[in-house]
Amino acid sequence: QVKLVESGGGSVQAGGSLRLSCSVSGNAVHTHCMGWFRQAAGTARVGVAGLDRDGGTYYTESFKDRFTISHDDAENTLYLQMNNLKPEDTAMYYCAAGGTCYFDDYGLSLDDFEHWGHGAQVTVSS
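Worth saying up front: this structure is predicted, and the values here are computed from it rather than measured.

Q: Looking at this model, I keep getting lost on the state of the cysteines. Mind explaining?
A: Here a disulfide denotes a covalent bond joining the sulfur atom of one cysteine to the sulfur atom of another. As enumerated under the stated definition, the model contains two disulfides in all. The disulfide that involves Cys22 links it to Cys95, with 2.1 Å between the sulfurs. On the sign convention where negative is left-handed, the bridge of Cys22 and Cys95, at about -75° about the S-S bond, is left-handed. You can see Cys22 sitting in strand β3 (residues 18–24) and its partner Cys95 sitting in strand β9 (residues 91–98), a full 73 residues away along the chain. Its relative accessible area of 0% is what places Cys22 among the buried residues. One disulfide in the model links Cys33 with Cys101; its S-S distance is 1.8 Å. In this pair, Cys33 sits in strand β4 (residues 33–39) while Cys101 sits in the loop between β9 and α1 (103–106), placing the two residues 68 residues apart along the sequence. The connectivity of the disulfides in the protein chain is 1-3, 2-4, where the numbers refer to bonded cysteines in sequence order.

Q: Help me understand the packing of aromatic side chains, please; the structure alone is not making it clear to me.
A: Aromatic rings in a pair are described by how distant their centres are and how their planes are angled relative to each other. All chains considered together, the criterion is met by six aromatic pairs. Considering the side-chain rings of Phe37 and Phe113, the 5.0 Å spacing of their centres and the 80° angle between planes classify their relative orientation as edge-to-face. Of the two residues, Phe37 is situated in strand β4 and Phe113 in strand β10 (residues 113–116); the sequence distance between them amounts to 76 residues. Across this residue pair, the class does not change: Phe37 and Phe113 are buried. A cation over an aromatic ring shows up here: Arg19 above the ring of Tyr79, its NZ or CZ 4.3 Å from the ring centre. For Arg45, the ring lying beneath its charged end belongs to Tyr94, and the centroid distance is 3.8 Å.

Conventions we followed
Residues numbered from 1 in each chain as written. Predicted model: local features only at pLDDT ≥ 70, side-chain atom pairs only at ≥ 80, totals over all residues. Heavy atoms only, no water. Disulfide = S-S within 2.5 Å. Helix = DSSP H or I, 4+ residues; strand = E, 2+ residues; numbered from the N terminus. Buried < 20%, exposed > 50% of the residue type's maximum accessible area, 1.4 Å probe, protein only. Phe/Tyr/Trp six-rings, centres within 6.5 Å; stacked < 30°, edge-to-face > 60°. Lys NZ or Arg CZ within 6 Å of the ring centre and 35° of its normal.

Rendered as structure tokens:
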């Protein structure tokens, strides 16, 4: 079983930066594809960025310029660096792990992810 715990959320002013962390149990990053998703109040959960089992990255187009996904293998931690934050980025951010993902063909699909963290709230003020 994969356990995921997000941290690093909080409040920031527009234009600021924040880095979210996701502690991943064992070596799950090497046997699962990883992803970051977010869900704003009253909206559907959407994909932000993905990391495949070989370390390749994928970004939903609207986030590619400002957000960066990375992984520290020694610390078993997944990161999401968020820059130039905007009020519309306010949401609950979730770390997730799943089986084989085909990002290039199907994008960042919720159906590919079976394990989820509890989420980290990010609030961006104007």
